[in-house]
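# Summary of structural features
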Amino acid sequence: MSDIEITIDAAVREKLQNHSTEEFPLGVTAIANAVRSAASVGGCSDCRVGVRVTDDPTIHKINRDFLEHDYPTDVISFPYELQPPMVEGELVVSIDTAEVESVDAGWSVAEELLLYVMHGTLHLVGFDDTDDESRKEMRNAERRAMEGLRSG
């Protein structure tokens, strides 16, 4: 069972369309699949997750208002409940940050944005990246989630 709700802000819809690729079409289905892939890495198959795709000014405001961080960021995770195989929470991801960071990563904006969705979902299912060891585990989980998304 999964209840994944995707909200794409009107201001970023055209950007998503422009950055969609054949392998990674940036739409509701691809984003929901990214959530499912990452959740499965964490042993969760029942996803009750909301995802909002927005821009840097909006994520900056959310980051400041809820986390007291006065800057834009790539993804914010709001975990509500984790009782595997069920996970519940919300994610906010920025297409603007994905556009900038994808250049350094050497891959498409679509892959970068879907990585943010997977990274945020991994936080919801219990992964962290606060020290070297947990960061290594997170990167490994991200790779497995991306492989799962690609093999679909």
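Each remark here, short or long, concerns the structure printed above.
Summary of the structure given here. What you are looking at is a predicted structure, and each value in this text was computed from that prediction instead of being measured.

Following the criterion strictly, the structure yields 11 salt bridges and no others. Note that Arg52 is salt-bridged to Asp9, the shortest N-O span being 3.0 Å. You can see Arg52 sitting in strand β2 (residues 46-54) and its partner Asp9 sitting in the loop between β1 (2-8) and α1 (13-19), a full 43 residues away along the chain. The exposure class of Arg52 is partly exposed, given its relative accessible area of 30%. Arg135 is the partner of Asp132 in a salt bridge, and the nearest nitrogen-oxygen pair spans 3.0 Å. Of the two residues, Asp132 and Arg135 both sit in helix α6 (residues 132-151), 3 residues apart, roughly one turn of that helix. According to the relative accessible area criterion, Arg135 is partly exposed, its value standing at 31%. Linked by salt bridges that have partners in common, Lys61, Arg64, Asp65 and Asp70 make up one network.

The next subject is the pairing of β2. With respect to burial, β2 is a largely interior element, 7 of its 9 residues being buried. Pairing of β1 with β2 involves 7 bridges; the strand directions are parallel. Its bridge partner lying in β2, Asp3 is registered against Arg48. Taken together, the 9 bridges between β2 and strand β4 (residues 86-94) define a ladder with parallel strand orientation. In the strand pairing of β4, Arg52 is matched with Val92.

To continue, consider the environment of Val75. Relative to the helices and strands, Val75 resides in strand β3 (residues 75-83). The contacts of Val75, once residues within four sequence positions are left out, are Ile59, Val92, Val93, Tyr116, His119 and Gly120.

Moving on to the side chain of Ser134. You can see Ser134 is positioned in helix α6. Engagement of the side chain of Ser134 in a polar contact is seen with the backbone nitrogen of Thr130, the distance being 3.1 Å. Setting aside its immediate chain neighbours within four residues, Ser134 contacts Asp128 and Asp129.

With respect to the helices and strands, Thr54 occurs in strand β2. Excluding its chain neighbours within four sequence positions, the residues that come into contact with Thr54 are Asp9, Val12, Ile59, Val92, Val93, Ser94, Ile95 and Asp96.

Once that is clear, we can look at the nonpolar core. Within the largest apolar cluster, 40 residues are counted, with the highest numbers of intra-cluster contacts made by Val49, Val51, Val53, Leu113, Leu114, Val117 and Met118. At 10 residues, the largest contribution of residues to this core is made by helix α5 (residues 109-124). In this structure, Val117 is in contact with Ile31, Ala34, Val35, Val51, Leu91 and Val93, ignoring residues within four places of it in sequence. Core analysis: the second largest hydrophobic core is formed by 5 residues, Ile62, Ile76, Phe78 and Val92 among them.

Rules of the game
- Residues numbered from 1 in each chain as written.
- Predicted model: local features only at pLDDT ≥ 70, side-chain atom pairs only at ≥ 80, totals over all residues.
- Heavy atoms only, no water.
- Salt bridge = Lys/Arg side-chain N within 4 Å of Asp/Glu carboxyl O.
- Helix = DSSP H or I, 4+ residues; strand = E, 2+ residues; numbered from the N terminus.
- Buried < 20%, exposed > 50% of the residue type's maximum accessible area, 1.4 Å probe, protein only.
- Pairing = 2+ DSSP bridges.
- Contact = heavy atoms within 4.5 Å.
- Polar contact = N/O pair within 3.5 Å; in protein donor to acceptor, adjacent residues only side chain to side chain.
- Core = buried A, V, L, I, M, F, W, Y, C linked by side-chain atoms within 4.5 Å.

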